[in-house]
Each structure stands twice: as structure tokens, then as C-alpha cells.
Amino acid sequence: MIITTLFVFILLATLLVSGATQIMVTLFSSMDNLFIAAKAPHYVQMYAGDLNQAEIDTFTEENPLVRNQQTVTMLGINGAYLYLGDNENSEANSIIENSFVKQNQEFDFLLDTNNHKIDVNDGEIGVPIYHMKEYGLELGDKVQIVKNNLNMEFTITAFVRDAQMNPAIVTSKRFVVNDNDWMTLQNHCSEEEYLIEFLLHDVNDVNEFEALYQSSSLPQQGTAINYTFYRVLNALTDGVVVAVIMLISVLLLAIALLCIRLTLIATIEEDYREIGVMKAIGISKREIKRLYLAKYIIISFTASVCGYLISLFIGHVFTANISLYLGSSNLTIWSNIIPFLGALFVFGIILLFCQVVLRKISKISPIDALRQMMINGNKYRSRGFKLSRCFVGNPNIFLGLKAVFSQFSLYGTLSVIFLVCVGLMNMPFNLLNTLTSPEFITYMGAGRSDIRIDIQHRQDMDSVYRQINQYLIEDQDIVNHTGLVTAAYRLENADGLHETIKIESGDFSIFPLEYLNGTAPDSVDQMAISSLYAEELDKKVGDEVTLLTNDDRSYTLSISGIYQDITNGGRTAKAQLPYQKEDILWYVINIELASGISVADKTMEYNREFPEVKVTEMDEYLSQTLGGLVDQLALIVKLAFGLAIIIAVLITAMFCKMLLAKESKQIGIMHHLGIPYRNIQVQYLTRILTVLLLGTVLGVLSAMTLGQELAVALITGISKMEFIIDPFVSWFVYPVSLILTVSITIIWCSQSIPKRNLMPLREE
């Protein structure tokens, strides 16, 4: 039983480590293949407004870093007019910005699921993989655009892999249509946005090029993204999954090491006199260590090899999401070697740990070993725990507690293992619960509200905003609402160069943020910035920054606060600045409804009244933005719960078997004294449940504290996170599940007590 348990733990740890490294290899290989096949651009400036292509051409010709340039025109189709597959409802409630484009001719190709360049005929369409997965679309399904006198129907002939907009966390998606259909759409669509794309001779020059572009007079009123950030976005979802799987594998490895420590110490105690005898007759301590080490070398090596081989056969489970979004990877020798190195790492850690534990043999004196049965540090200490001073009603419970505190070094190890099990359950669940909580919006640079309205990519944004704002003022179902406008400015960075910065202005007191340091800006000479931007600019609260508008007006602002934001690459800012109409990028209106008012009904009302803008429930906004990551984490939460239960069962069974074998003589004495087996069973139940309760409390607290620090390391843009805990699950469901599982295991193991041969009562 002990060998089987150790084998399973090492196998699982190796399986997950090899699986995680396999995901990493596949992720980067698949991403490289996609970016090469698509000829992904190295720098892209998004822009909505009047475009002077001649100025861009002049800049391109004069810049030696640029190999090629193209400007892509995207036709924005409001979700209210778009119908996908058999879905009777439009995409009005979706946060996705759907754009229709032609296939590019020079670079930035849109690919099919075989990573081939998509070519569609009249009436055909290529649909993003995100929509395929979200709605279960298949080839041959229909896509409709119904807008006033326009009614177009397309047949899906391909699903699009887009190096720029592939990830689920990116809310812009591109549909591919034939040139003729695109021209028809253009005649009925006034929402145009441009992608000003550059392909460089050397991708390593992208930072230098970015500085040159931002110091030029070319369009900058929009999001600018470079090649490096595209790779980060494509790796984000699966990268977080890799990190969580690695965390689980580390916990499993820790449990395996604790089990080894438990069994080795127990074995050394049992063989204490034999070790002394071997030393007395001249056997070296190195040879004695080898005797004990040989078994663990065989177990760990076999388990590591098996874990590695299994990871190769079930690798598709780990990499299914990568294959869908990025395509298959090139199978090279490294595809197998790197996961094997992960398995070898697990094997090496176990051997090293065994060597450390076996140092205990060096401390055994032959003379002492021949005099006593137990190691001095592990003798029963019964001071204060005499049965005559029983402080609980049931003497069997008292004897169980006495055994725990008398041998706490032994039972403490078991408690730590239970602590890890509880942490394994709680950490992924707490992260998932936080990501799906409405409060997580504060980590996205926004205050908590019920409904969000986005107005963007329109020439008449200002007038539309005023119209909606007046409607909301007259709406009696609203408690609060505020409009925030984002405009483009130029900021002098640490290198003395000017870069574009998007600053949101408005009243931040209605839907307040939580600030890491400082407060919200409350005057025109103050500005708050995101934590990632503050780190990048090397700024703290009280420092000053200089901003320039497009007409070269200068503002010197003091940093009033630092907040957290994972949107727009984590580089955002908030202020109370004046702005020019031509500098506006977008408007956002946040709405809080009166108690009892249906958020869904109000959302439908606003969509009906203002079909040209995007109206979203805030809960739905979070769900759609983090959908891919949440789905992956939900799967990991189930996996972690199942693993924790299996670990608890195996550990409890192993520990019980070891205890019963070690204490068979004491059990025999109690039996001869007339103590019923049921009472003996209660003693063992008390022992293990006591350390389980201790481990559970410490495990939940550790998951709430240490888990938060680990989560911060996983998510870019967050420097401090407070888990949103579900007390019912953390303090009741998980603990009760463990207690029931462990109790059943103890009862099952202790059924063998009457069947054991009783040890003689006298010393041999």
C-alpha cells in the first residue's frame, strides 16, 4: 500500500510537469507556425477618422527599418444587425466588435484551420474561431446581416485564425468576405476603422520603430500594438493554465516528498537497532544509506518514466485549445526531450530529498541503538497527558489526542500533507471565484456598475453621447450614471521620447476604483495611472508628468493615485483633462439601476433605443472578456478537487497501514486488556481527524493569503489581489468532503485490526 501510494503521487507529479512543459513547447511552436504562415505585422496602429495615406507612404519610404506597409480597412458591423448560425438572437448583447475585411495581399493573412490563406467566393464567409467555439458553428451554417434595406446572407466555408485578434480576451474579431461582398457592405456601412500595419526588416527593431512612429505626425488616436504584445495575448490564456498546472504539480511533488519523509523516518525508527548492529560490525553509513535508497530509486524512476510516457499519450488533452486557436506544432526532437527533462527533474528532486532525510542514519550511535528501541527525539512524551487527568468525556478520544501530541513530528507531517490538499482545492477555486465575481471589474480599471454603454468608431460619437446622456437623465429607473471619455495625448517617457497615452476623463467619484496608492484625480492638475504603467515610467504618487495635446498644448500633472488594470496592455490613465473633439477615441457610460429593476430588460431597452452603440450587462461583459480563461480554470478546479480527494484517500490509507503495522503490539496489549476493537478504532479516527482539522484550517488560510500572491504572479497588470472567498465552499463543502472521505478510509483500514496476528506480550 505504501509503495503504491508513493508510486501514484510521483507518477501524477511527473505527468503534470511533463504535461505542462509539453503545453509550453506546443504553445510556442504553434504560435511560431501561425505567425510565420500569417506573416504577422510587427507594428499596428488602429485608427478611426480621416486618413492621409500619402503621409504614411512618405514615412514608410524614408524609414529604413520598414520592409513593407499596408493599410487595412475594416467595416464595423453593429452586433444588433448580425445573426450567426441558427441563433435567433442578434449579437446585440455581445461585447465583441465584429469587423468585415477582405483578405490581405501583402502580409497579415487570415488563415483557415489548416493555416492556409483563406480565399472565399461571393456569398461565402470566413468566421473567427472564437464564434465557432462560442456558438458551435459548423461549415455550411449561415451568417446574416440585416440592416434597414440591407439583407445579406453568407455561407460559412472557413473558420479564421487571426494572428492579431485570435485570443478570446481580444474583443475585436475579423470576418473574411469576398471583395465584391465587401464593396456592397461598404456602401451600407459608415463605421470604418483602419489598421495601419508595418512589417520590419528585423523584428528586434520594433521598439525603435515604435518610438519613431509615436514621435511622428501620423495617426495615433487609437490602440497601438506591437509584435511582442501580440505574442503575449496569444499565449495569455494557455500560459495561465500552464502556470496553474505547474502549481498543482509542485504541490503533488511536495506531498510525495512528505510521504517519503514519513515512511523513511518510520522505517529508520523500526530498524533502529538493526542499523546500530550494521554500524557495529563495520558496515559504512554510505552502504547503509544505499540499502534504503535503492527502493526509492526504483519507485521514483519507474513512476517518473510512466508519468512521462502517459503524458505523451494524453498530450492532446493538454493542448486541444492550442491546436484549435493556433494550429498544430512541428514535432521535433525537443517536443519529447523537454517533457522528458521535466520528468528527470522530478526524479532528481526525489533522490536529493531522500539523501537529505537519510542523513538521520549518520546520527545513530551503535551503542545507543543497542540500548533502546526508539530514537530519543521520537519517544512518547506523556507528561501532562495521563489518563487520570482526562480532560474529555471519552477516554478513547483522549488517548487519540495524547498520541498526536506525543508524536507530533510524525503527525505534523500528515497535517502538512492535508494542508497541501486543502490548498490544492482552494487556490484554483478562489482564483476562479474572483475572476467570475462582479467585483473583478475593479481589476479592469472600472468601477462596479450594472450596465455599460460603449460608443466608438463613429464620426458622430459626441452627438450620440449627448443624446444617450439626455435619455438617461430622464430615465426614472436609474440611480446613478456617469460618462467617461477617452482621448489621446502624448507623454514624455523615461527616454525623453514622446509616446501616445490614452487618458480617461470624467467623474470618478460615482463608480470609484480601489487604489493601491493615493486617490482618484479630482482636479485638472492631477492624474492617476495603472500600476504597470507606473512601473514602466518609474513613477510614484506625487511625481509629475508632462502631457502634450495634438495641437502642442502642454499640461504638467501630479500623480494622485495608482490603480490596477489588465485592459489595453495594462497601460492606462485617468484624469480631469479638457479634450478636443478630434482627439476622442471612445465614450463609456456606466449605469447603476434602482433596486428591483431588471438589468436584462433595461439592457434590451437601451439596445432597442440605441442600436448603433454597444450595450452590455457588466456581468456579461466580464464573462465574455474572460470566457476562455474562465473555462480553462473551471476544468482545472474540477481536476484539483478530484486530485485532492484521491491524495487524501491514498495518504490516509498509507498512514493507517503503517501505523497499524508499527503499533500491532500495542493493539494486542489493548485487546488482551479487554478494550473493544471499536474503541481502538475511535482512537485512530481521533488521531487522523485531529491533524486533518488542523491542516484544513491552515490550508484554507494559506489559500487565502499565499494563494493571492501566486495569483498576482499569474496575471499581467495586477500587482495586488484580494481573493473573493465563498465561505460556504471554502469552510464547509471542501472540509466536509475531506472529513467524510478520510473517515471512511480510516474505518475501512481499521477493519483489519481483528484479523491481525497479536504480538506476544513479552519482549523477545
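Reading the values: the criteria
- Residues numbered from 1 in each chain as written.
- Predicted model: local features only at pLDDT ≥ 70, side-chain atom pairs only at ≥ 80, totals over all residues.
- Heavy atoms only, no water.
- Axes fitted to C-alpha atoms, helices over the stretch in contact; angles between N-to-C directions.
- Helix = DSSP H or I, 4+ residues; strand = E, 2+ residues; numbered from the N terminus.
- Parallel < 35°, antiparallel > 145°, perpendicular 65-115°, else oblique.
- Left-handed = near helix turned anticlockwise from the far one by under 90°.
- Contact = heavy atoms within 4.5 Å.
- Nonpolar A, V, L, I, M, F, W, Y, C, P; charged D, E, K, R; others polar.
- Buried < 20%, exposed > 50% of the residue type's maximum accessible area, 1.4 Å probe, protein only.
- Domains from an automatic or database assignment.
- Buried area = accessible area lost by both parts, 1.4 Å probe.
- Salt bridge = Lys/Arg side-chain N within 4 Å of Asp/Glu carboxyl O.
- Polar contact = N/O pair within 3.5 Å; in protein donor to acceptor, adjacent residues only side chain to side chain.
- Phe/Tyr/Trp six-rings, centres within 6.5 Å; stacked < 30°, edge-to-face > 60°.
- Lys NZ or Arg CZ within 6 Å of the ring centre and 35° of its normal.
- Pairing = 2+ DSSP bridges.
- Disulfide = S-S within 2.5 Å.
- Patch = residues over 30% accessible without salt bridge, like charges linked within 9 Å, V, L, I, M, F, W, Y side chains within 5 Å.
- Areas by Shrake-Rupley, 256 points an atom, 1.4 Å probe, with all protein chains shown as cover.
- Arc of directions from axis to C-beta.

Considering the packing of helix α6 (residues 227–270) against helix α13 (residues 408–435)
For step 1, the next point in the chain: Closest axis-to-axis distance for the α6/α13 pair is 10 Å, and the angle between their directions is 165°. Between α6 and α13, the interaxial angle falls into the category roughly antiparallel. Considering the relative orientation of α6 and α13, their crossing is left-handed. Between α6, through Leu 247, Ile 248, Leu 251, Ile 255, Leu 258, Cys 259, Arg 261 and Leu 262, and α13, the contact on the second element is made entirely by Ser 409, Leu 410, Thr 413, Val 416, Ile 417, Val 420, Cys 421, Leu 424 and Met 427.
For step 2, the next point in the chain: Here the contact of α6 with α13 is composed, by residue class, of 14 nonpolar, two polar and one charged.

A word on the side chain of Thr 482
For step 1, the next point in the chain: You can see Thr 482 is positioned in strand β12 (residues 478–492).
For step 2, the next point in the chain: Exposure remark for Thr 482: the relative accessible area of 6% places this residue in the buried category.
For step 3, the next point in the chain: Apart from the residues lying within four places of it in its own chain, the contact partners of Thr 482 are Asp 507, Ile 510, Phe 511, Val 588, Ile 589 and Asn 590.

Re the domain arrangement of the protein chain
For step 1, the next point in the chain: By the assigned domains, the protein chain splits into domain 1 (1–42 + 221–379), domain 2 (49–201), domain 3 (385–441 + 625–764) and domain 4 (457–612).
For step 2, the next point in the chain: In this complex, domain 1 contributes 19 residues to the contact, which on the side of domain 2 involves 22 residues.
For step 3, the next point in the chain: Of the roughly 1900 Å² buried where domain 1 meets domain 2, counting both sides, 62% is carbon and sulfur surface.
For step 4, the next point in the chain: The tally of links between domain 1 and domain 2 comes to zero salt bridges.
For step 5, the next point in the chain: There are eleven residue pairs in polar contact (both at pLDDT 80 or more) connecting domain 1 and domain 2.

With respect to the pattern of salt bridges
For step 1, the next point in the chain: The full count for this structure, using the stated rule, is twelve salt bridges.
For step 2, the next point in the chain: Between Asp 32 and Arg 231 there is a salt bridge; the shortest N-O distance is 3.0 Å. With Asp 32 in helix α1 (residues 2–38) and Arg 231 in helix α6, this pair connects stretches of sequence that are 199 residues apart.
For step 3, the next point in the chain: A salt bridge links Lys 602 to Asp 477; the shortest N-O distance between them is 3.1 Å. On the criterion of sequence distance, the pair formed by Lys 602 in helix α16 (residues 599–609) and Asp 477 in the loop between α14 (461–474) and β12 is long-range, its members being 125 residues apart.

A word on the packing of aromatic side chains
For step 1, the next point in the chain: Using the criterion set out here, one finds 21 aromatic pairs in the structure.
For step 2, the next point in the chain: Taken together, a centroid distance of 6.4 Å and an interplanar angle of 40° make the contact between Phe 209 and Tyr 213 tilted. Here Phe 209 pairs with Tyr 213, and both are found in helix α5 (residues 206–214), just four residues apart, close to one helical turn.
For step 3, the next point in the chain: Members of the aromatic cluster, each reached through a chain of ring pairs, are Tyr 43, Phe 59, Phe 198, Phe 209 and Tyr 213.
For step 4, the next point in the chain: Positioned above the aromatic ring of Trp 182, the side-chain terminus of Lys 102 is 4.5 Å from the ring centre.
For step 5, the next point in the chain: Directly above the ring of Phe 35 sits Arg 231, whose terminal nitrogen or CZ lies 5.6 Å from the centroid.

Regarding the sheet that holds strand β9 (residues 192–200)
For step 1, the next point in the chain: Read from one edge of the open sheet, ten strands run β3-β6-β7-β5-β8-β4-β2-β9-β1-β10, paired in mixed fashion. Of all the strands in the sheet, the pair left with one neighbour each is β3 (82–84) and β10 (224–226). The average undirected angle you get between the axes of adjacent strands in this sheet is 30°.
For step 2, the next point in the chain: Here two bridges tie strand β5 (residues 124–128) to strand β8 (residues 172–177), and the two strands are oriented antiparallel to one another. Opposite Ile 125, over in β8, you have Val 177 as the bridge partner.
For step 3, the next point in the chain: The strands touched by helix α2 (residues 53–62) are β2 (66–77) and β9; relative to β2, the strand with the most contacts, the crossing angle is about 155°.

Observations concerning the state of the cysteines
For step 1, the next point in the chain: Under the definition given, this model contains zero disulfides.
For step 2, the next point in the chain: Just so you know, Cys 306 is unpaired, no disulfide at all, and the nearest cysteine sulfur is the one on Cys 354, 18 Å from it.
For step 3, the next point in the chain: For Cys 306, a relative accessible area of 27% corresponds to the partly exposed category.
For step 4, the next point in the chain: The thiol of Cys 354 is unpaired, and the distance to the nearest cysteine sulfur, on Cys 259, comes to 12 Å.
For step 5, the next point in the chain: Given a relative accessible area of 0%, Cys 354 falls into the buried group.

A closer look at a nonpolar patch on the surface
For step 1, the next point in the chain: Residues Phe 405, Phe 408, Leu 694, Val 697, Leu 698, Leu 701 and Trp 731 make up a contiguous nonpolar surface patch of roughly 620 Å² in combined accessible area.
For step 2, the next point in the chain: Ranked by the residues each element gives to the nonpolar patch, the list is headed by helix α20 (residues 677–714), at four residues.
For step 3, the next point in the chain: Structurally, Leu 701 is set in helix α20.

Comments concerning the packing of helix α8 (residues 285–313) against helix α10 (residues 333–357)
For step 1, the next point in the chain: Here α8 crosses α10 at 160°, and the two axes come no closer than 10 Å. In terms of axis orientation, α8 runs roughly antiparallel to α10. For the element pair α8 and α10, the recorded crossing hand is right-handed. Residue-level contacts link Leu 293, Tyr 296, Ile 297, Ser 300, Phe 301, Ser 304, Tyr 308 and Leu 312 of α8 to Asn 336, Pro 339, Phe 340, Ala 343, Val 346, Phe 347, Ile 350, Leu 351, Cys 354 and Gln 355 of α10.

Observations regarding the pairing of strand β1 (residues 43–47)
For step 1, the next point in the chain: With five of five residues buried, β1 is to be regarded as a mostly interior element.
For step 2, the next point in the chain: Both faces of β1 are covered, namely the face carrying Tyr 43, Gln 45 and Tyr 47 and the face carrying Val 44 and Met 46.
For step 3, the next point in the chain: Where β1 meets β9, five bridges bridge the pair, whose relative direction is antiparallel. Bridge pairing in β9 links Tyr 43 to Phe 198.

Overview of the environment of Leu 706
For step 1, the next point in the chain: On the secondary structure map, Leu 706 appears in helix α20.
For step 2, the next point in the chain: Spatially, the C-alpha atom of Leu 706 lies 8.9 Å from that of Met 427, the residues being 279 residues apart in sequence.

Concerning helix α4 (residues 179–188)
In an α-helix, one turn spans 3.6 residues; hence positions three or four apart end up facing the same way.
For step 1, the next point in the chain: Every buried residue of α4 is listed here: Asp 181, Trp 182 and Leu 185. For α4, the angular spread of the buried residues around the axis is 100°, confining them to a single face.
For step 2, the next point in the chain: Here the buried face of α4 lies against β2, β4 (97–101), β5, β6 (142–147), β7 (150–160) and β8.
For step 3, the next point in the chain: Structurally, the start of α4 carries an N-cap: the backbone nitrogen of Asn 180 is 2.9 Å from a side-chain oxygen of Asn 178.

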